[in-house]
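This is what each chain is made of:
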Amino acid sequence: VSALETGDRAAFTARLRSRLAGGVPDNVAHPLAPGSAEIPVIESRLLDPSDIIGSFVRNASHVRAAVHDIAGAVVPDDVLGDIVARHDVSRAVISRDDEAVEIGQRLTSMGVEVATVSATASARADLGVTAAAAGLAATGTLVQDSHRSGGRTASLLPRVHLCVLPASRIVPSTAAVLRPLGDGRELPSNLALITGPSRSGDIELVMAFGVHGPVAVEIALLRGA
Amino acid sequence: VTAEWSITGTTLRDRTAKAAADERLRESLARAVGRFGNQRVDALGTLVGADGLRAAARRMRADVLADLPAILERFADRFIANGGHVHWAADGADANAYVVEVARRIGARTVVKGKSMATEETGLNHALEAAGCTPVETDLGEWIIQLAGQTPSHIIAPAVHLDRYQVRDILQTQAEPGRVLDAEPDHLAAFAREKLRPRFLAADMGISGCNVAVAETGSIVLVENEGNGRLSTTVPRVHIAIMGMERIVERWDQADLLLNLLARSGTGQHLSVYTNILSGPRRPDEMDGPDEMHVVILDNARSDVLGSEVHEILNCIRCGACLNVCPVYRQVGGHAYGWVYSGPVGAVLTPLLDHGEPEAAELPNASTLCGACMDACPVSIPIQDLLLSLRRAKASHAGAAERSGWKAWSSAWSRPLTYRSSIKAAALGRPLTKYGAMAPGLRGWGHGRTPPQPAARSFTQRWKAGEV
């Protein structure tokens, strides 16, 4: 592996500094409105602040994720069995999350071949099981943390992604997850915000699902956890 | 600048005339841009005070660019501390050479690519092919146009100029003998998954662009819907991101604001399916992800724009909203613009980034200056003012004959006496004006235009006679 930094940083930034030395001209016809450098709070009308769990369910369903709204603290066997049958699952890959490990044990007893997360295992699996680090109510988004989950591919390579989301991890919107990222803690190599199954509109803007990532996202929302 | 023009030897007029006469193209365009435009309005409407957010985004981008060198250095330091590699590339050739060098070092053969306008700009695929690698575009739209040997016609929907039957014919070339594809978008997308998945698994290197980098944590953010971006940055053992140097903010609250505006303005989604935050290579206790991650910070003539009269074009976040609302783009599509970036943003960027092609200087004329682009822009770039500024710069290089002509006109019309006699002369010469547009030197201007007809009697004459 070569040096971590290449190219000429000093010359690169010196060029920029000399361009900026005289200040930046304002636009005459449409001058910059006076205002503060503070970034405003972003409010979405799709979020009901008195019911953020309900907002999550509505918005996740809107982007074609299937939400299983579960009163208890574990995913019931019949919900798991239904997912296995509907998607014709014979191989599954599970992340390092406790919730996924627990589901992995039950999948094994249902006759599904289960492996722990790695790119090779994920590539062979029909189903990937993970837990979300957070859920974003305003957009119906799942947050996957590669450190916590032990990897990234369980939510990416299999045809179907089953994600366990304890309701206590649902926060209002992107701001709650993104804005504190700079507070000094170590980041995982990958944080993925996942909003529904993989889709493409590249052909006539007609929605096609599962072009590269999962064709289906099943969310097990645990209200009792 | 290394990406070649697809159109060297043609003129803006030829290309627009050809595009405007292509009914199939216009049908594809009308279908797509109309829907994008409506979805954008609906999605922004779900935000409280969207126009205030756009104004805040413009101010924030101005603050970031005014401090750009320090923010880039902070990013580089943090990203290196995360275990990443940084390369400072003065131009496209420099960036391509770096990627090729890494490819040689690791013995890369197959290189998978997520969608990246910056690598279109540097012509990276040609450099990789010349080095013996096989670059595979994996965004569905990019794959289609790569197979067809075309360039993207829209910033976020590269194959928007094609209909499903044209796409089917292109993908059919990839099918096994005897297998016939049908033209359902669902089936074609499934075919792409089937053909591209093995390429991902075999790839040694993944290339991506960068939607926004965040200096305070040394992270880059990639926004996409298909998952090919996540695959390209996760499965191969080396990931290289090519980042235009202005594609950066200092803090996460700034990134949050941009990400909330980007998808809503581009496709009308509240968030794209995948917002992928990458902060270096896999950590020791992570079971997958690349062993090496590199970011190439690309200048490629952007520093010449910084601090100039048109510097605000560097605020652009590449959402494509200005294309969808532009009355010119909506008629002719992206290829008529001739280079990588099209629409209003392309009409500004192309002459600034491409010094080698004189045709580029014509692009600021491909606008009605109606200002719909500024109204749609999530960071409120006054694009019409920038287009005017570029036209002014070009006019200052006009030839002596053109300049003295305008000077004579301006001096005549500044004085009542000479103004009135010029109007009388025009009325007398009325029968000749239809030939005026064919006069030597005006022929180019008159092509496709109806010459104005002076009135038989001027307004002043009619006013004096009490007729008005």
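For the structure itself, look to the data block above.
What comes next concerns the included structure. (Residues numbered from 1 in each chain as written. Chains lettered and ligands numbered in written order. Predicted model: local features only at pLDDT ≥ 70, side-chain atom pairs only at ≥ 80, totals over all residues. Heavy atoms only, no water.)

1. Some remarks on the overall build of chain A
Here is step 1: Of regular secondary structure, chain A possesses 7 helices and 13 strands.
Here is step 2: What you see for chain A is a C-alpha radius of gyration of 22 Å, clearly larger than the 17 Å of a compact globule of 225 residues, by over 25%.
Here is step 3: With the C-alpha coordinates of chain A rotated into their principal frame, the extents come out at 70 × 50 × 45 Å.
Here is step 4: Within the span of chain A, comprising 225 residues, buried residues form 53% of the whole.
Here is step 5: The long-range share in chain A, meaning contacts at least 24 apart out of those at least 6 apart in sequence, stands at 73%.
Here is step 6: Total accessible area on chain A stands at roughly 9,200 Å², and carbon and sulfur atoms take up 55% of it.
Here is step 7: Averaged over its 20 positive side-chain charges, chain A has a centre that lies 5 Å from the centre of its 24 negative ones. (Helix = DSSP H or I, 4+ residues; strand = E, 2+ residues; numbered from the N terminus. Rg over C-alpha atoms; globule rule 2.2 N^0.38 Å. Buried < 20%, exposed > 50% of the residue type's maximum accessible area, 1.4 Å probe, protein only. Contact = heavy atoms within 4.5 Å. Areas by Shrake-Rupley, 256 points an atom, 1.4 Å probe, with all protein chains shown as cover. Lys, Arg positive; Asp, Glu negative; His and termini not counted. Charge placed at Lys NZ, Arg CZ, Asp CG, Glu CD.)

2. Things to note about the interface of chain B and chain A
Here is step 1: Of the residues lining the interface, 116 residues belong to chain B; the matching set on chain A comes to 89 residues.
Here is step 2: Taking both partners together, chain B and chain A bury about 8,500 Å²; carbon and sulfur atoms supply 57% of that area.
Here is step 3: Taken together, the connections running from chain B to chain A amount to 8 salt bridges.
Here is step 4: Glu204 of chain A serves as the salt-bridge partner of Arg31 of chain B, at 3.7 Å between the closest nitrogen and oxygen.
Here is step 5: Linking chain B to chain A there are 58 residue pairs in polar contact (both at pLDDT 80 or more).
Here is step 6: For the side of chain B that touches chain A, the element with the highest residue contribution is helix α10 (residues 185-202) of chain B, accounting for 10 residues.
Here is step 7: Partitioning the side of chain B that touches chain A into residue classes produces 55 nonpolar, 30 polar and 31 charged.
Here is step 8: Of the pairings in the sheet, the one linking strand β1 (residues 5-7) of chain A to strand β1 (residues 85-89) of chain B comprises 3 bridges and is parallel in character. Among the inter-strand pairings, Gly7 of chain A is bridged to a residue of β1 of chain B, identified as Trp88 of chain B. (Buried area = accessible area lost by both parts, 1.4 Å probe. Salt bridge = Lys/Arg side-chain N within 4 Å of Asp/Glu carboxyl O. Polar contact = N/O pair within 3.5 Å; in protein donor to acceptor, adjacent residues only side chain to side chain. Nonpolar A, V, L, I, M, F, W, Y, C, P; charged D, E, K, R; others polar. Pairing = 2+ DSSP bridges.)

3. As for the pattern of salt bridges
Here is step 1: Within this structure, the stated rule accounts for 44 salt bridges over all chains.
Here is step 2: Put simply, Arg9 of chain A and Glu5 of chain A hold a salt bridge, and the shortest N to O gap is 2.7 Å.
Here is step 3: Among the residues examined, Arg9 of chain A registers a relative accessible area of 16% and is labelled buried.
Here is step 4: A salt bridge links Arg179 of chain B to Glu176 of chain B; its shortest N-O distance comes to 3.0 Å.
Here is step 5: One network of salt bridges, with partners in common, ties together Glu5, Arg9 and Arg17 of chain A together with Glu73 and Asp77 of chain B.

4. Thoughts on the sheet that holds strand β3 (residues 91-94) of chain A
Residues and elements named next belong to chain A.
Here is step 1: The strand order across the open sheet built from 6 strands is β2-β13-β8-β5-β3-β4, with neighbouring strands paired in parallel fashion. Here the strands that pair on one side only, and so sit at the sheet edges, are β2 (66-70) and β4 (113-116). Neighbour to neighbour, the strand axes of the sheet diverge by 20° on average, direction disregarded.
Here is step 2: Running at roughly 145° to strand β5 (residues 127-131), helix α4 (residues 98-109) makes contact with β3, β4, β5 and β8 (160-166) of the sheet. (Axes fitted to C-alpha atoms, helices over the stretch in contact; angles between N-to-C directions.)

5. Concerning the packing of helix α9 (residues 164-172) of chain B against α10 of chain B
All names here are of chain B.
Here is step 1: It is the contact of α9 with α10, at a shortest axis distance of 11 Å, that shows an interaxial angle of 25°. On the basis of their axis angle, the class for α9 and α10 is roughly parallel. The way α9 lies across α10 gives a crossing that is left-handed. The residues of α10 that touch α9, namely those facing Arg164, Val167, Arg168 and Leu171, are Pro185, Leu188 and Phe191.
Here is step 2: Of the residues that constitute the contact of α9 with α10, the class distribution is 5 nonpolar, no polar and 2 charged. (Parallel < 35°, antiparallel > 145°, perpendicular 65-115°, else oblique. Left-handed = near helix turned anticlockwise from the far one by under 90°.)

6. Remarks on the side chain of Asn276 of chain B
Here is step 1: By secondary structure assignment, the location of Asn276 of chain B is in strand β9 (residues 274-278).
Here is step 2: On the basis of relative accessibility, which here comes to 1%, the residue Asn276 of chain B falls in the buried class.
Here is step 3: There is a polar contact of 2.7 Å between the side chain of Asn276 of chain B and the side chain of Asn190 of chain A.
Here is step 4: There is a polar contact of 3.5 Å between the side chain of Asn276 of chain B and the side chain of Thr233 of chain B.
Here is step 5: With residues near it in sequence (within four places) discarded, Asn276 of chain B still touches Asn190, Leu191 and Ala192 of chain A together with Ile220, Val221, Leu222, Gly229, Arg230 and Thr233 of chain B.

7. Quick notes on the packing of helix α2 (residues 23-45) of chain B against helix α12 (residues 252-266) of chain B
Residue and element names in this part refer to chain B.
Here is step 1: Relative to each other, α2 and α12 sit at 145°, their axes nearing to 7 Å. Here Phe36, Arg40, Ala43 and Leu44 of α2 come into contact with α12, specifically with Leu261, Arg264, Ser265 and Gly266.
Here is step 2: The residue inventory of the contact of α2 with α12, partitioned by class, reads 4 nonpolar, 2 polar and 2 charged.

8. Some thoughts on the environment of Leu80 of chain A
All names here are of chain A.
Here is step 1: Mapping Leu80 onto the fold places it in helix α3 (residues 77-86).
Here is step 2: Taking the relative accessible area as the measure of exposure, Leu80 reaches 2% and is therefore buried.
Here is step 3: If we skip the residues at most four places from it in the chain, Leu80 touches Val75, Ile103, Arg106, Met110 and Leu162.

9. Description of the state of the cysteines
Residue and element names in this part refer to chain B.
Here is step 1: All told, the structure shown has 0 disulfides over all chains when counted by the stated rule.
Here is step 2: For the unlinked cysteine Cys370, the closest cysteine sulfur is that of Cys373, found at 6.2 Å.
Here is step 3: As a non-bridged cysteine, Cys377 has Cys319 as the owner of its nearest cysteine sulfur, 6.4 Å distant. (Disulfide = S-S within 2.5 Å.)

10. Here's the deal with the side chain of Glu226 of chain B
Here is step 1: Relative to the helices and strands, Glu226 of chain B resides in the loop between β6 (219-224) and α11 (228-234).
Here is step 2: No salt bridge is formed by the buried Glu226 of chain B; the nearest opposite charge belongs to Lys115 of chain B, separated by 9.7 Å.
Here is step 3: Among the polar contacts made by the side chain of Glu226 of chain B, one reaches the main-chain amide nitrogen of Leu140 of chain B at a distance of 2.9 Å.
Here is step 4: Once residues within four sequence positions are removed from consideration, Glu226 of chain B is found in contact with Ser198, Arg199, Ser200, Asp202, Val211, His212 and Gly213 of chain A together with Thr138, Asp139, Leu140 and Tyr274 of chain B.

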